[in-house]
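For reference, the chains in residue letters:
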Amino acid sequence: MTITHSLKILPQYFAAVTEGRKTFEIRKNDRGFHEGDFIVLREWNGQEFTGGEIAKRITYITDFEQQPGFVVMGFQ
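Presented here is an overview of the structure given in this document. In this text the structure is predicted, and so the values were computed from the model without any measurement.

Rules and cut-offs
- Residues numbered from 1 in each chain as written.
- Predicted model: local features only at pLDDT ≥ 70, side-chain atom pairs only at ≥ 80, totals over all residues.
- Heavy atoms only, no water.
- Salt bridge = Lys/Arg side-chain N within 4 Å of Asp/Glu carboxyl O.
- Buried < 20%, exposed > 50% of the residue type's maximum accessible area, 1.4 Å probe, protein only.
- Helix = DSSP H or I, 4+ residues; strand = E, 2+ residues; numbered from the N terminus.
- Pairing = 2+ DSSP bridges.
- Axes fitted to C-alpha atoms, helices over the stretch in contact; angles between N-to-C directions.
- Contact = heavy atoms within 4.5 Å.
- Core = buried A, V, L, I, M, F, W, Y, C linked by side-chain atoms within 4.5 Å.

## A closer look at the pattern of salt bridges
Counted under the stated rule, the structure contains 5 salt bridges. Between Asp30 and Arg31 there is a salt bridge whose closest N-O contact spans 4.0 Å. The exposure class of Arg31 is partly exposed, given its relative accessible area of 41%. Two residues, Arg42 and Glu53, come together in a salt bridge whose shortest N-O distance is 3.7 Å. Placement of Arg42 in strand β3 (residues 38-44) and of Glu53 in strand β4 (residues 49-62) is noted, with a sequence separation of 11 residues between them. You can call Arg42 partly exposed: its relative accessible area is 28%.

Printed below as a string of structure tokens:
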């Protein structure tokens, strides 16, 4: 079953994603992320959502050399 996860992202990282320079996220895996799931990254300026958002499909997940409970997710 494919799930869509809505996540906050700070403006500098949101810009890097929208420009195509950033193709991964490092997150605590408290949502049970899986390859094939979607993430909707919603720009958050620290006080409120700005209205910017972008959807990406998770294409790869690893916890190699991450802090316990964290994963790196590649997306397209």
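Alright, that's what it looks like, and here's the rest.
## A few points about the sheet that holds strand β1 (residues 4-9)
Pairing in this open sheet of 5 strands is mixed, and the strands run β1-β3-β4-β5-β2 from one edge to the other. The open sheet has two edge strands, β1 and β2 (24-28), and neither has a second partner. Across the sheet, the mean angle from the axis of one strand to that of its neighbour is 40°, orientation sign disregarded. As defined by bridge partners, β2 adjoins strand β5 (residues 70-75) across 5 bridges and the pair is classed as antiparallel. From the neighbouring strand, Ile26 faces β5, where its bridge partner is Val72. The strands touched by helix α1 (residues 11-18) within the sheet are β1, β3, β4 and β5, with β4 carrying the most contacts at an inclination of about 65°.

## Focus on the pairing of β1
Burial along β1 is one-sided: His5, Leu7 and Ile9 are buried, and none of Thr4, Ser6 and Lys8, which face the opposite way, are. Note that β1 and β3 share 6 bridges and pair parallel. Within β3, the position partnered with Lys8 by the bridge is Arg42.

## Points about the nonpolar core
Leu7, Ile9, Phe14, Val17, Phe33, Ile39, Leu41, Ile58, Ile61, Val71, Met73 and Phe75 together form the largest nonpolar core, which totals 12 residues. Going through the elements one at a time, β1, α1, β3, β4 and β5 are the ones with two or more residues in this core. Of the residues forming this core, the biggest block, 3 residues, is contributed by β5. Residues within four places of Leu41 in sequence aside, it is in contact with Leu7, Ile9, Phe14, Val17, Glu25, Arg27, Gly52, Glu53, Ile54 and Phe75.

On their own, these measurements won't tell you what the molecule is for.
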